[in-house]
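Listed below are the residues making up each chain.
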Protein chains: 4
Amino acid sequence: MPASGVARMQLGVIGLGRMGQIVVERVLEAGHEVVAFDLSPEAVATAADVGAEPADSVEDLADTLGDDKRIWLMVPAGDAVDATLNDLDPHLDEDDVVVDGGNSHFEASVRRAEACSAAYLDCGTSGGPAGAELGFSLMVGGPEWAYDEMTPVFDAVATGPAGHDRMGPAGSGHYVKMVHNGVEYVLMQAYGEGFELLAEGRYDLDLEAVARTWNNGAVIRSWLLELCEEAFREEGSDLGDVDDHIAGGSTGTWTVQEALEQEVPVPLIYQSLAERFGSRAEERFSRRLANRLRYGFGRHEVARKDD
Amino acid sequence: MPASGVARMQLGVIGLGRMGQIVVERVLEAGHEVVAFDLSPEAVATAADVGAEPADSVEDLADTLGDDKRIWLMVPAGDAVDATLNDLDPHLDEDDVVVDGGNSHFEASVRRAEACSAAYLDCGTSGGPAGAELGFSLMVGGPEWAYDEMTPVFDAVATGPAGHDRMGPAGSGHYVKMVHNGVEYVLMQAYGEGFELLAEGRYDLDLEAVARTWNNGAVIRSWLLELCEEAFREEGSDLGDVDDHIAGGSTGTWTVQEALEQEVPVPLIYQSLAERFGSRAEERFSRRLANRLRYGFGRHEVARKDD
Amino acid sequence: MPASGVARMQLGVIGLGRMGQIVVERVLEAGHEVVAFDLSPEAVATAADVGAEPADSVEDLADTLGDDKRIWLMVPAGDAVDATLNDLDPHLDEDDVVVDGGNSHFEASVRRAEACSAAYLDCGTSGGPAGAELGFSLMVGGPEWAYDEMTPVFDAVATGPAGHDRMGPAGSGHYVKMVHNGVEYVLMQAYGEGFELLAEGRYDLDLEAVARTWNNGAVIRSWLLELCEEAFREEGSDLGDVDDHIAGGSTGTWTVQEALEQEVPVPLIYQSLAERFGSRAEERFSRRLANRLRYGFGRHEVARKDD
Amino acid sequence: MPASGVARMQLGVIGLGRMGQIVVERVLEAGHEVVAFDLSPEAVATAADVGAEPADSVEDLADTLGDDKRIWLMVPAGDAVDATLNDLDPHLDEDDVVVDGGNSHFEASVRRAEACSAAYLDCGTSGGPAGAELGFSLMVGGPEWAYDEMTPVFDAVATGPAGHDRMGPAGSGHYVKMVHNGVEYVLMQAYGEGFELLAEGRYDLDLEAVARTWNNGAVIRSWLLELCEEAFREEGSDLGDVDDHIAGGSTGTWTVQEALEQEVPVPLIYQSLAERFGSRAEERFSRRLANRLRYGFGRHEVARKDD
């Protein structure tokens, strides 16, 4: 049962990956009901195990929910969202509310909000798997009444009432989440530069101890620094066999693209993104040319690949 | 009285500015004794008001402490440290311990540690005035026995036992603090770029609400983000009349200089430091030249200062 | 008359701004014929003054040219190109050749090449007004036969046979020109940083003399450095009243966008572009936030706009 | 014999590496006399072959020159300059002139100018081995009379009278050369980014043809771009087996250090220098940490070195 004074809600959840399952569990724990669907029957069974009502299809889920449907999508950003909405839309009307909790581009969310027969909330979700226990930070865009309707669910999925807020109209939730991720790239690189200098520098340091000392009272303490501390504890001060390739980059790319359009300089976000591209290149043509040019003007010996 | 099982200590504190007073108070609150000196009699009186024994001079402070002196310097980095050590050194021997809790350059600390007749601990201190309540993060360099001796004091001044650690030999405390500050510059700029994009971007956002939502569960939550939240609460989403000049830069400059020497790339730290320099320039010569060059090759009209 | 052995050609030129007039004059000087049209009758008259046959309309120009039309567009990039092609296309067939000598986006050129009834050459043009005497550098994309057909005209408009080349299929000419401009942004900023350091640095230098000495034998000599020399000669070592706002940025933005798509790091191009954005901002939100945060963690006084 | 009206001079040259031999040859070709010394007898013999008078030692060279000595040092920057000056100084007086044509730090030149018994000219030399035919660009610092005295020699060694100039007092020649090199790093990186984008981009391009077309009339034409053209001609558009390690970096480091001291932002120079450091690192700790952190907050799989 929800906390006293809070109405019990019934939520449909479509998409039962790691993040979707967390949504199911947190909503159930808060005393609400969940109807769950995923293309994978195993995922549906997992959700049923913790108390969700299983659905066979999007249509079945919609039928089960009845009127005034409240539905949370947690499917991969991109075509999967459109495909799900295509299946879902015939069953929706203007009193229903759909939440997209995935990492969609804000412009796609604006477009979907216009096309959707229900009220549409774009919901940037941050916190990762750790949110299972702590709850997430939810940045929500869309109509105010729909946001208000969903508040009991947001209270359950977020870290609590302070962990979610309506940012503004359609798209603003995913817009703020996009910028959040741009900042995230920089924070990772900031700690990276600092610890690289410590690792390569003059002293033989225990980087876990450095991170722990910083996390206890220093200006730069943060959750990411706690994850650094954990990384050094689990991998060692030399990070063991962790490779130096950084995957990902789509939300950072979106952030830079939007900053170009707004003519806002974001050199650190750009640089952090470029660092990822560079980390994945086998070799860098620009460096090879510089190497060769030094021979051109100074007869400095050219390093060759066979050397 | 200190916590049971912990010996009561007597600490000399030289330098009673904002940070020095916090050291005095936290050490007294932990049940230890303090003898306090500052060039300003008012500062000494303030320390006496909360229970410190006042000293008239460095000599007086040294005499009062007796054998096995434990002394904390909290004077401005630079010449003031050397001047204080000059006065103090005749009263010191190898059983004494001196802590430099200021923002000294690590190379100065190495030099001072060699010159000092007592054991010398360089102690990077982070947390700012907020440390009055929470305690600081203390990064300590120097002899192990001296660090162990001072542990009860460090426990009191830091956020607790996890808030201080011995980084390594002489200079390592200030070295780690220097790098800490380099990272700090980047974190500030990271949030700056993110909020600038939000402020200039497509949506009319309440930045305090954004920061608060992020601080509750988002990956980028941190103490600095809490300070952003506070800034928006106190100044408004548009930051009111806050100017765009950023003062300071010495520890960032040291970090970049050390990174140059170690040949470690720190583009984000450099960029964040350069941002400060740029923020203080009335105009930028490089931009004026670019403006004029566009006329040179493309006959684009030159913007003039009178325009 | 063209050089012996070269067939005399008839070229239609649409768009008679500064660059279009240069095309007219160089083609006439090489002994070919020109039929010229522009929406401005004055521009047409100017072209007629130097020997071009005036046309009243796109249709008139097309009629005058007869079969196997050879037409050079020199209209502003964007809608004007599409509008001109709309008027022109009914008069074109597959034996005709249209050259777009403007600064179009390469994707627009690919699209136009597909839609155009004639063979379509996208031609990146560099050199600016100085090209009136020296000739331009022409980077051409499109069908090989059409490029070969136009060679006499390209010889005339370019610095000579070495000043033009076929880069590859449709779009490649404007693609290479786009990257050219990205590099151009960096070169301007490179000299800008160097001269700014000299202007602000330890010595009182005559920057025209510095530039002239460099232009005579130094590794960094270039045409842009000659333009720096000219700028210092005409404006003085302090650049007089030249303002520090840098206009423009579209081709640099395209370059960065393409580099994002190709996942190629271009930190210098990005930084040079961001410098332009920054130069046009009245104030920078990121710097204002950093200013305020320094108060938050260190009680450093906040500079206010009224101060 | 020198050009009519120019006095025949006698120049001592110490240091007969590649650059020193070019000085010898150009000064001899201009009709002056040369007395040459190097620690390597083979190098002395090479100079004698083209007409220089060989010297056995610094002392021998000084004796041969007689009064009003004019001496050009072309020894490696650093200790070798001081060692040579130590040997030379007992033979010098205030009517003599010593030129340091090497890549010395400007502060060392200021110090040496103060210590030297003769007039001392610091002479930044740019142009590399190609200067053998074309002559160099010479940036000279030191007393005006000494610069005037040496003019016939500078005319011979430089590209001509426009290829050398007095920048200002002691140190200014090497200061301007230091900044020249900072700019040089950026220009190399600028072309590097451009050609990397072309090499990795949408079209299959002949980069030699691109560079050649640009060198004929484009805004970004330069001597370094001619060297790019040469590199692609000799190595192929893919740069064959040229490795991506970039050696060197001392003058770039000096430039950034000076810019830090002057608080002048030089993000492109810094970035270009950092690119060299990065190109020489086996792996980057910052990237390894970012890789691991993505697991920390998002459970993204960690790439391991063995994978």
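Residues numbered from 1 in each chain as written. Chains lettered and ligands numbered in written order. Predicted model: local features only at pLDDT ≥ 70, side-chain atom pairs only at ≥ 80, totals over all residues. Heavy atoms only, no water.

**Q** What am I meant to see in the overall build of chain A here?
**A** Along chain A, the regular secondary structure elements total 13 helices and eight strands. Taking the principal axes of the C-alpha coordinates as reference, chain A spans close to 80 × 40 × 35 Å. Each of the 307 residues in chain A was classed as buried or not, and the buried ones make up 63%. Treating the 23 positive side-chain charges of chain A as one cloud and the 56 negative ones as another, the clouds have centres 13 Å apart. (Helix = DSSP H or I, 4+ residues; strand = E, 2+ residues; numbered from the N terminus. Buried < 20%, exposed > 50% of the residue type's maximum accessible area, 1.4 Å probe, protein only. Lys, Arg positive; Asp, Glu negative; His and termini not counted. Charge placed at Lys NZ, Arg CZ, Asp CG, Glu CD.)

**Q** Help me out: how do you make sense of the environment of Ser 237 of chain C in this one?
**A** Tracing the chain through its elements places Ser 237 of chain C in the loop between α11 (223-235) and α12 (250-262). Judged by relative accessible area, which is 27%, Ser 237 of chain C ranks as partly exposed. With residues near it in sequence (within four places) discarded, Ser 237 of chain C still touches Phe 285 of chain B together with Leu 205, Asp 206, Leu 207, Glu 208 and Phe 232 of chain C. Side-chain polar atoms of Ser 237 of chain C contact the backbone nitrogen of Leu 207 of chain C, separated by 2.7 Å. (Contact = heavy atoms within 4.5 Å. Polar contact = N/O pair within 3.5 Å; in protein donor to acceptor, adjacent residues only side chain to side chain.)

**Q** Where do I start with the relation of the copies chain A and chain B in this structure?
**A** Applying a rotation about an axis and a shift along it to one chain copy brings it onto the other copy. The transform that puts chain A on chain B rotates by 180° and translates by 0.0 Å along the axis, for an RMSD of 0.0 Å. What the rotation and shift describe, once combined, is the action of a two-fold rotation axis. When each C-alpha of chain A is compared by its distance to the rotation axis, Ser 222 of chain A comes out closest, at 2.0 Å. Comparing interface residues between copies, 100% of those in chain A also lie at the interface in chain B; the contact surface is shared. (Least-squares fit on C-alpha atoms with pLDDT ≥ 70 in both.)

**Q** Hey, could you run me through the pattern of salt bridges in this one?
**A** Once their charged atoms are close, side chains differing in charge can pair, the charge on each being opposite to the other. Evaluation of the coordinates by the stated rule reveals 87 salt bridges over all chains. Among the ionic pairs, Glu 235 of chain C bridges to Arg 292 of chain B, the shortest N-O distance being 2.7 Å. With one member in each of two chains, Glu 235 of chain C in helix α11 and Arg 292 of chain B in helix α14 (residues 285-298) form a pair that bridges those chains. Just as Glu 235 of chain C is buried, Arg 292 of chain B falls in that class too. The shortest N-O distance in the salt bridge between Arg 212 of chain C and Asp 165 of chain D comes to 3.3 Å. Here Arg 212 of chain C is found in helix α10 (residues 207-215), whereas its partner Asp 165 of chain D is found in strand β8 (residues 164-168) on a different chain. By relative accessible area, which is 18% here, Asp 165 of chain D ends up buried. Counted as one network, the salt bridges with shared partners bring together Asp 165 of chain A together with Glu 208, Arg 212, Glu 229 and Arg 233 of chain B. (Salt bridge = Lys/Arg side-chain N within 4 Å of Asp/Glu carboxyl O.)

**Q** I'm lost on the interface of chain A and chain B in this one. Help?
**A** It is common to give the size of an interface as the accessible area that goes away when the parts come together. Chain A puts 70 residues into the contact, and the matching count from chain B is 70 residues. Together chain A and chain B conceal approximately 5,900 Å² of surface at their shared face, both sides included; 68% is due to carbon and sulfur atoms. Taken together, the links from chain A to chain B amount to eight salt bridges. Put simply, chain A and chain B have 29 residue pairs in polar contact (both at pLDDT 80 or more) between them. Of all elements in the fold, only α5 (106-115), β7 (137-141), β8 (164-168), α8 (172-200), α9 (207-215), α10 (223-235), α11 (250-262) and α12 (267-280) of chain A reach the threshold of two or more residues within the side of chain A that touches chain B. (Buried area = accessible area lost by both parts, 1.4 Å probe.)

**Q** Any chance you could explain the interface of chain C and chain B here in plain terms?
**A** With 61 residues of chain C in contact, the opposing surface of chain B contributes 61 residues. Summed over both partners, the interface of chain C with chain B buries about 5,600 Å², with 57% contributed by carbon and sulfur atoms. When the buried surface of chain C facing chain B is broken down by residue, Phe 285, Arg 287 and Phe 297 of chain C rank first, second and third, together holding 15% of it. For Arg 304 of chain B, the salt bridge goes to Glu 235 of chain C, with nearest N and O atoms at 2.8 Å. Between chain C and chain B we count 36 residue pairs in polar contact (both at pLDDT 80 or more) in total. Mapped onto the side of chain C that touches chain B, the elements with two or more residues apiece are α9 (172-200), α11, α13 (267-280) and α14 (285-298) of chain C. Its residues placed into classes, the side of chain C that touches chain B shows 23 nonpolar, 15 polar and 23 charged. (Nonpolar A, V, L, I, M, F, W, Y, C, P; charged D, E, K, R; others polar.)

**Q** Sorry, what's going on with the packing of helix α13 (residues 267-280) of chain B against helix α13 (residues 267-280) of chain D here?
**A** How two helices pack is summed up by the angle between their axes together with the distance between the axes. Contact geometry of α13 of chain B with α13 of chain D gives a least axis separation of 10 Å together with a crossing angle of 165°. Taken together, the axes of α13 of chain B and α13 of chain D are roughly antiparallel relative to one another. When you trace α13 of chain B past α13 of chain D, the crossing you get is right-handed. Contacts between α13 of chain B and α13 of chain D involve Pro 267, Tyr 270 and Gln 271 of chain B from the former and Pro 267, Tyr 270 and Gln 271 of chain D from the latter. Of the residues in the contact of α13 of chain B with α13 of chain D, the class split is four nonpolar, two polar and no charged. (Axes fitted to C-alpha atoms, helices over the stretch in contact; angles between N-to-C directions. Parallel < 35°, antiparallel > 145°, perpendicular 65-115°, else oblique. Left-handed = near helix turned anticlockwise from the far one by under 90°.)

**Q** What exactly am I supposed to notice about the pairing of strand β7 (residues 137-141) of chain C here?
**A** Remember that side chains alternate between the two faces of the sheet whenever the strand is regular. Residue and element names in this part refer to chain C. Of all five residues making up β7, five are buried, and the element is well covered by its neighbours. Neither face of β7 is exposed, since Ser 137, Met 139 and Gly 141 on one face and Leu 138 and Val 140 on the opposite face are all buried. Bridging between strand β6 (residues 119-126) and β7 involves five bridges; their strand directions are antiparallel. What sits directly across from Cys 123, in β7, is Val 140. Relative to strand β8 (residues 164-168), β7 runs parallel, the two sharing four bridges. Paired with Met 139 across the two strands is Asp 165, which belongs to β8. (Pairing = 2+ DSSP bridges.)

**Q** Quick question: what am I supposed to make of the UniProt feature "active site" (unreviewed entry) in chain A here?
**A** As annotated by UniProt and renumbered to match this structure, "active site" (unreviewed entry) occupies Lys 177 and Glu 184 of chain A. Structurally, the position occupied by Lys 177 of chain A is in helix α8. The class of Lys 177 of chain A is buried, set by a relative accessible area of 4%. The contact partners of Lys 177 of chain A, leaving out residues within four places of it in the chain, are Asn 103, Gly 124, Thr 125, Ser 126 and Met 139 of chain A. A distance of 3.2 Å separates the side chain of Lys 177 of chain A from the side chain of Asn 103 of chain A, its partner in a polar contact. Glu 184 of chain A gets classed as buried once you look at its relative accessible area, which sits at 7%. Contacts of Glu 184 of chain A, omitting those with residues within four sequence positions, involve Val 219 and Ile 220 of chain B together with Phe 297 of chain D. (UniProt positions renumbered as here; feature names shortened; annotations may be inferred.)

**Q** Please explain helix α3 (residues 58-65) of chain D as it appears in this structure.
**A** The α-helix advances 3.6 residues per turn, and as a result positions three or four apart in sequence lie on the same side. Residue and element names in this part refer to chain D. Among the residues of α3, Val 58, Leu 61, Ala 62 and Leu 65 are the ones counted as buried. Seen from one end, α3 has its buried residues packed into an arc of 100°, which puts them on one side. Check the buried side of α3 and you find it contacts β1 (10-14), β2 (33-37), β4 (70-73) and α4 (79-88). Just downstream of α3 lies Gly 66, where phi reads positive at about 70°. (Arc of directions from axis to C-beta.)

**Q** What should I look at first to understand the sheet that holds strand β5 (residues 97-100) of chain B in this one?
**A** Backbone-to-backbone hydrogen bonds pair the strands of a sheet. The strands run either parallel or antiparallel. The eight strands lie next to each other as β3-β2-β1-β4-β5-β6-β7-β8 (chain B), forming an open sheet whose pairing is mixed. Looking at which strands have only one partner, the edges of the open sheet turn out to be β3 (53-54) and β8 (164-168) of chain B. The sheet contacts of α9 of chain A involve β7 (137-141) and β8 of chain B, and relative to β8 of chain B the element is tilted by about 145°.

**Q** I'm lost on the UniProt feature "binding site: substrate" (unreviewed entry) in chain A in this one. Help?
**A** According to UniProt, the positions carrying the feature "binding site: substrate" (unreviewed entry) are Asn 103, Ser 126, Gly 127, Gly 128, His 180, Asn 181, Tyr 185 and Arg 276 of chain A. You can see Gly 127 of chain A is positioned in the loop between β6 (119-126) and α6 (131-134). When its relative accessible area of 4% is taken as the criterion, Gly 127 of chain A is described as buried. Beyond its immediate chain neighbours, meaning those up to four positions away, Gly 127 of chain A contacts Phe 136 and Trp 223 of chain A, Gly 217 and Val 219 of chain B together with Phe 297 of chain D. Tracing the backbone through its elements, the reader meets Asn 181 of chain A in helix α8. Beyond its immediate chain neighbours, meaning those up to four positions away, Asn 181 of chain A contacts Asn 103 and Thr 251 of chain A.

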